[in-house]
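Overview (structure and organization)
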Amino acid sequence: MQAVPGTRPGPRFVPPSGLGWLVLVLMMGMLWRPAAAAETPSFEQALSGLATSNFKEKERAVGDVIAVRHANTRVVLNALLEGNLYYRKSDRRVFIGTAQDANLQLQDPVTLSPAGTTEPSEYSKITTNNQLRKTLKSALASFDLADADPQVRLAAVSEMLRSLDADGVSILRAREGTEPDEAVREAIRTGLAIADLDGEDAAIRLAAVEHLKGSLNPEVFNRLTAIVTPTDAGSYAEPDEKVRSAARVALASIERWRSLFGTLETLFFGMSLGSVLVLSAIGLAITFGVMGVINMAHGELMMLGAYTTYVVQLLMPQHIGASVLVAIPVAFVVAGGVGVAIERGIVRFLYGRPLETLLATFGVSLVLQQLVRDIFTANNRPVETPQWMAGSLQVNEALSITYNRLYVVLFMVIVFVILQLVLKRTSLGLKVRAVAQNRAMAKSMGVRTEWVDALTFGLGSGIAGVAGVALSQLTNVGPNLGQSYIIDSFMVVVFGGVGNLWGTLIGGMSLGVVNQVLEPYAGAVLAKILVLIALILFIQRRPRGLFPQKGRAAEG
Amino acid sequence: MNKFKVGGLASIAAAVALLAATAAQAADTIKVGVLHSLSGTMAISETTLKDTVLMLIEEQNKKGGILGKKLEAVVVDPASNWPLFAEKAEQLLVKDKVSVVFGCWTSVSRKSVLPVFEKNNGLLFYPVQYEGEESSKNVFYTGAAPNQQAIPAVDYLMNDVGVKRWVLAGTDYVYPRTTNKILEAYLKAKGVKSEDIMINYTPFGHSDWQRIVADIKKFGSAGKKTGVVSTINGDANVPFYKELGNQKISAEDIPVVAFSVGEEELSGIDTKPLVGHLAAWNYFMSVDTPANAEFIKKWRAFIKNNKRVTNDPMEAHVIGFNMWVKAVEKAKTTDVNKVIDTMVGIEVPNLTGGVAKMLPNHHLTKPVLIGEVRADGQFDTVWQTQGLVPGDAWSDFLPGSKDIEADWVTLKCGNYNTKTKKCSGQNYE
Amino acid sequence: MRISQNPGTALIAGDRGTQLFLALLLTVGVAAPIMHLAFPEDSALHLSTYTMTLLGKYMTYALLAIAVDLVWGYCGILSLGHAAFFALGGYAMGMYLMRQIGTRGVYGDPVLPDFMVFLNWKALPWFWHGFDLFWFTAAMIILVPGLLALAFGWLAFRSRVTGVYLSIITQALTYALMLAFFRNDMGFGGNNGLTDFKEILGADINAPATRVALFVASAMALGLGYLCCRYLVLSRAGRVVQAIRDAESRTRFIGYRVETYKLWVFAFSAVLAGIAGALYVPQVGIINPSEFQPINSIEVVIWVAVGGRGTLYGAVAGALIVNYAKTYFTAAIPELWLYALGAMFVIVTLFLPGGVVGLADRFSLRRRDARTVTA
């Protein structure tokens, strides 16, 4: 057998032919039976082989279970994969079991009839490991090739392509003719073409290369590269020059695409990092930029938002999917409320003394940190990722975009737009801007500046809480969450220009992108250091940031 | 300004007095120092260890203490601040005059207190897996040395999983740096080419893993089975595993074996993206032995929380504490020199059914277990060394240390160079 | 505080806080070594090495606080990165101490420090050369923080980066340095930093006599640093500096070169911080990148604020009070320590704008019913 993608060599693995037999028989309508069938053990015997803690023995037993092609093979394999297969410690008999409260409900794997409910202590679960699970999935996938749903079939083909052997190839070849769905057929063809690269006939190999020309599958790239790369002796593994030059052409186009998508990927990474920066800085842009208050507790307000998400999930464990959406307004209210309390209790006595607000709010941040430590312990809290935020959007085989990052970018845009609308289109926004520009004048025009101050601070803090909800999906929820973002947030605001939300947006985004562009060359740490140094130098050139405030408001 | 004068004088005088005073106390107890951070970044891990020691002390006192004396815990908080570790260690040894100290987690905290323990001839039990390259007369290392964790894990990946291409990813500090140096040398000795090894370091608390995970994915798509050996520390793990899960790198394709992720860390994580990934330790809470079941029961009763987990460094403290008790009873004194001499060769049962023995290099014999993460935050043991592995203070795979040996019984030296026949470091003449 | 016309006589004479501070410093500086060396260990008057090292450490903190008070209290520059200069001075000293280990390291390498040996470094990086000589190290302790401050200040003050912006970029500076020193590739020992020192100037660093010498050196540095700062603020230049603090534009329009004054005060303050760091390291026995943490710099500012800014001796008082509280509370009530510290910040900024010293002043003023005092 040629080195086929993903197959792991060595004797530990399930004999591939066993899987092949089963699949062949099932899929091709029992065209032939293996001559060695007589040597295969009975289904019961094969099952009893599973009752062991040794993984090598288990793999052998799984191979047997597959090979006997009993009607219940699929049920048993599935139970094993799900962790629902047990054996009785006394006589090593294997059962399918489902946990019911503290008890175990048993089912006989041969007859599928119920075998009573019992104490779990006399039974031992048959555990699986990664290799075993991969074998199981592959075996189960071959069942799915005949599924009615084309999506399931497509997944089954991809699963089989992960570890394709000669038997798998013949199954796929048989399926290719009958497969009605175009996408599934295309996936099968790619797999077959990769297999054809090892064909005896140069014409077949050439056709395979031609077929693979536009494919971005990494395996295709590896195989084509192997074709055009000379061995140490200077000769080629591929004897035919025509095949080689076709491979070169195909590779060149694949590489062009790959580098294009690589750039797009970096851009997206930068934007997602930038979005996190903007989200964490935008609340600060309001309290710091509009009000001139240096709120060192800003990070802790984000932390409160993240903990709010955790509490909301505790309260609605059945609806994790919705919990994050529910947490957004709740976090806004919680963090905003704490923000108003900070403003009324401390900050309002310190207007016009920005450096003193720094010290006082730093004290607040310490207190808040210790508070969550006392309430939630110093340990990180597990915040679950809802199903709709997990995984990634596979644009093509070279580019995939993770959903959680995508949602963070979208979320940032929404928050930004809403904030702009509040500031530009509402009477509160008008008053906020008025107070920011000229407090005394606004006051004499009848604006209740105290009230506006409290609400503005509450708004900025609430946004911080909302950012915390987003962060809970990306990083740890623990007492130190805030500290790790506070410096970055200040950098973004100062870089963008105080008092300008657009500056914060553009500042955060460009810092994110620059960081990600530098990272592959300089490494994560050096990239960050370079960005910081660049920032320090930039502030020297433009002391008031990218978009400086103009006019009177700029003084002070 | 008179008030200030009086107040200032008083406060400074009070400060000096308080600092000097607290030393003298009744001597009919044996004092046990506990030097674990209770605040700051390391509090997450270290608070549990403080509670473990307190539990062990309480238990020992129920049995009547040692040598007819009760044990008394002296708990201090070094607050995850490294110079403060040295200060508090000095306080324990000089002011409180404790007989033994259980403490430290990070390497830097151990390095910070090391001169203090050597100068004052103290006794420290250090319970965490570490990078090795150290053996002090005054320290007993009850955690794993690299050959008791990293090398067996790599063997498992190589022989049982069939990994051919290696990513060594770690946080940029001394433990990952040293471990990866050792592993790199080990892999190359096993015939792995340099282009099949990718080494990556990230700062503490790194949270933006998109680029690195994408690189690992690309590295792993080159047609050879790829595995990741992770020495990523602490808080950086959650975003790392989340990113792995989101970029659809499953444990079946690219398994990650971690040396710093245990039950305690997993209890603060949504474990879904981690299921199937590996960890190498010398103890798992899920190990089914009577000793372990009893320990878990006692721990949960002590901490009054039926959900609390146990972990590897806790077991290390249990072993260390029991060894110390045994040594004191054997030596019939808490005198540090005598206890140190008695310690070597002491055997106590560990919690996984084996026996831990103190070796002349002040390290332990330990079993090595590889486990796969389950959805409930526990591990399924998938592989285990046949016997016990003796801890090796000086790695045989680093050019600087392959000729160095530690032996506190015959050589009386923690770093004896077998080539130059010289002893440097602590017993330098 | 009244400012006398002649800085020479006013240095000590004019100010009761200064007198009190110097008297206390002298008492402690003389009494502590005597109590440590002259009395046997079981005597009630004996001062343990632990306590003396602790006092020595507080003195280096106090010197750092004075340095911050000089730029913040007198020049209005709120530096949130002064711990960086402190740490740089400390690293310079740490490098000297590392080089003194010689063959006594665990690997016995005569030149390379241990961390370089096990990370497989073949030769000493260029910037480690010279640190085996004390005079070179002493020069570096002054030059490295000083030149960095000059360069940074020249860039910042020339383009008139002020107020909050300046504070934020000083924080960026120390943050960037922290990240850099954390990198093992930098050659400063990474996270573990520099530790396991053996001797200083040929003397065993753990010997009681060395400890006493370090303590006395710290006390002298604190006293001298204090007097230098006091001389500076009382001099003509010092009054220009205070004018800059109170009205920068006006001072500029009068014709003073504001940037130059700021620059030199900033650099001088950085040098003081560097010296404090250099004295701190041999006493605590370790220097590592966590000293660069932005939070450390903020804490120093807090010391000054608690003590009372713009008085110098207030900074000393603040450093002692906060650090003693920290030592005490982390031992007595570790859980409540952060609440206490947090509350202290809030209360001081809200109710004690002059700090503890200001409070004391207010009390004595009320009692004596004295005339207005400008601080």
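Residues numbered from 1 in each chain as written. Chains lettered and ligands numbered in written order. Predicted model: local features only at pLDDT ≥ 70, side-chain atom pairs only at ≥ 80, totals over all residues. Heavy atoms only, no water.

**Side note on the overall build of chain C**
Condition: Secondary structure counts use DSSP, requiring at least four H or I residues in a row for a helix and at least two E residues in a row for a strand, with both numbered from the N terminus. Atoms considered for the radius of gyration are the C-alpha atoms alone. The globule rule reads 2.2 Å times the number of residues to the power 0.38. By definition, residues are in contact when any of their heavy atoms lie within 4.5 Å. Counted charges follow a simple rule, with Lys and Arg positive, Asp and Glu negative, and His plus the chain ends left uncounted. Every charge is mapped to an atom, namely NZ of Lys, CZ of Arg, CG of Asp or CD of Glu.
Looking only at helices and strands, one finds 15 helices and 4 strands in chain C. At 21 Å, chain C has a C-alpha radius of gyration in line with the 21 Å of a compact globule built from 375 residues. For chain C, long-range pairs separated by at least 24 residues make up 76% of all intrachain contacts whose partners lie at least 6 apart in sequence. Within chain C, one finds 26 positive and 19 negative side-chain charges whose respective centroids are separated by 14 Å.

**Some points on the pattern of salt bridges**
Stated formally: Any Lys or Arg side-chain nitrogen found within 4 Å of a carboxyl oxygen on Asp or Glu counts as a salt bridge.
Tallied over the entire structure, the rule returns 52 salt bridges over all chains. A salt bridge links Glu384 of chain A to Lys272 of chain B; the nearest nitrogen and oxygen atoms lie 3.5 Å apart. With Glu384 of chain A in the loop between α14 (354–376) and β6 (392–396) and Lys272 of chain B in the loop between α9 (263–266) and β10 (278–281), this residue pair bridges two chains. Between Glu294 of chain B and Lys298 of chain B there is a salt bridge, and its shortest N-O distance comes to 3.7 Å. With Glu294 of chain B and Lys298 of chain B both in helix α10 (residues 290–303) and 4 residues apart, this pair spans about one turn of that helix.

**Topic: the interface of chain A and chain C**
We count it as follows: The term buried area refers to how much accessible surface (probe radius 1.4 Å) is lost by two components on association, counted for both of them together. In the analysis that follows, any N or O atom pair within 3.5 Å is treated as a polar contact, provided that within protein one partner can donate a hydrogen and the other can accept it, and provided that, for residues neighboring in sequence, both atoms belong to side chains. Only Asp, Glu, Lys and Arg are considered charged in this grouping, and only Ala, Val, Leu, Ile, Met, Phe, Trp, Tyr, Cys and Pro are considered nonpolar; every other residue, Gly among them, is considered polar.
Taken together, the 41 residues of chain A in the interface contact 41 residues of chain C. Taken together, the two surfaces of chain A and chain C that pack against each other cover about 3,700 Å², and 79% of this comes from carbon and sulfur. Connecting chain A to chain C are 4 residue pairs in polar contact (both at pLDDT 80 or more). Taken together, the elements giving at least two residues each to the side of chain A that touches chain C come down to α14, α19 (483–496) and α21 (524–541) of chain A. Per-element tally for the side of chain A that touches chain C: the top contributor is α14 of chain A, with 15 residues. Of the residues contributing to the side of chain A that touches chain C, the split by class is 29 nonpolar, 5 polar and 7 charged.

**What about the interface of chain A and chain B?**
Note on interface size: it is often stated as the accessible area lost on association of the parts. Counting residues at the interface gives 53 residues for chain A, matched by 52 residues for chain B. Together, Asn130, Phe269 and Asn476 of chain A form the three largest contributors to the area buried by chain A at its contact with chain B, with a combined 12%. On inspection of chain A and its partner chain B, the count reaches 7 salt bridges. The residue Glu372 of chain B makes a salt bridge to Arg133 of chain A at a minimum N-O spacing of 2.8 Å. Our count for the contact surface shared by chain A and chain B stands at 17 residue pairs in polar contact (both at pLDDT 80 or more). Counting residues per element, the ones that place at least two in the side of chain A that touches chain B are α3 (55–68), α5 (130–144), α10 (218–228), α11 (241–290), β7 (399–402), α15 (403–425), α20 (501–522) and α21 of chain A. Here the side of chain A that touches chain B gets 6 residues from one element, more than from any other, and that element is α11 of chain A. Here the side of chain A that touches chain B is built from residues that sort into 16 nonpolar, 22 polar and 15 charged.

**Re the sheet that holds β10 of chain B**
Residue and element names in this part refer to chain B. Heads up, the condition is: Strand pairing is assigned whenever DSSP identifies at least 2 bridges connecting the two strands. Angles here are taken between N-to-C directions and fall from 0 to 180 degrees, while the axes themselves are lines fitted to C-alpha atoms, restricted in helices to the stretch in contact.
Ordered in space as β7-β6-β8-β9-β10-β14-β15, the 7 strands form an open sheet in which the pairing is mixed. Of all strands in the sheet, those with a lone pairing partner are β7 (197–202) and β15 (379–384), marking the two edges. Strand-to-strand twist across the sheet, computed as the mean angle between neighbouring axes with direction ignored, equals 25 degrees. With 3 bridges joining them, strand β8 (residues 226–231) and strand β9 (residues 256–258) adopt parallel strand pairing. Paired with Val229 across the two strands is Val257, which belongs to β9.

**Considerations on the packing of α14 of chain A against helix α14 (residues 337–351) of chain C**
Threshold: For this classification, under 35 degrees means roughly parallel, over 145 means roughly antiparallel, 65 to 115 means roughly perpendicular, and everything else is oblique. Note on convention: the crossing is left-handed when the near helix lies turned anticlockwise from the far helix by less than a right angle, right-handed when the turn is clockwise.
Taken N-terminus to C-terminus, the directions of α14 of chain A and α14 of chain C make an angle of 155 degrees; their axes are 8 Å apart at the nearest point. With respect to their mutual orientation, α14 of chain A and α14 of chain C come out roughly antiparallel. For the pair α14 of chain A and α14 of chain C, the sense of crossing is left-handed. Of the residues in α14 of chain C, those in contact with Glu356, Leu359, Ala360, Phe362, Gly363, Val364, Leu366, Val367, Gln370, Leu371, Arg373 and Asp374 of chain A of α14 of chain A are Leu338, Tyr339, Leu341, Gly342, Ala343, Phe345, Val346 and Thr349 of chain C. When the residues that make up the contact of α14 of chain A with α14 of chain C are grouped by side-chain class, the tally is 13 nonpolar, 4 polar and 3 charged.

**Quick word on the confidence of the model for chain B**
A low pLDDT score tells you not to read the predicted coordinates there in detail. Residue and element names in this part refer to chain B. Under the convention used in this document: The predictor's confidence in any single residue is recorded as pLDDT, a number from 0 to 100.
Overall, the prediction assigns chain B a mean pLDDT of 88, with 93% of residues at 70 or greater. When mean pLDDT is compared element by element in chain B, strand β4 (residues 124–126) scores highest at 97, while helix α1 (residues 2–21) scores lowest at 45. Confidence over residues 1–26 falls short of pLDDT 50; this stretch has 33 contacts with residues more than four positions distant or in other chains.

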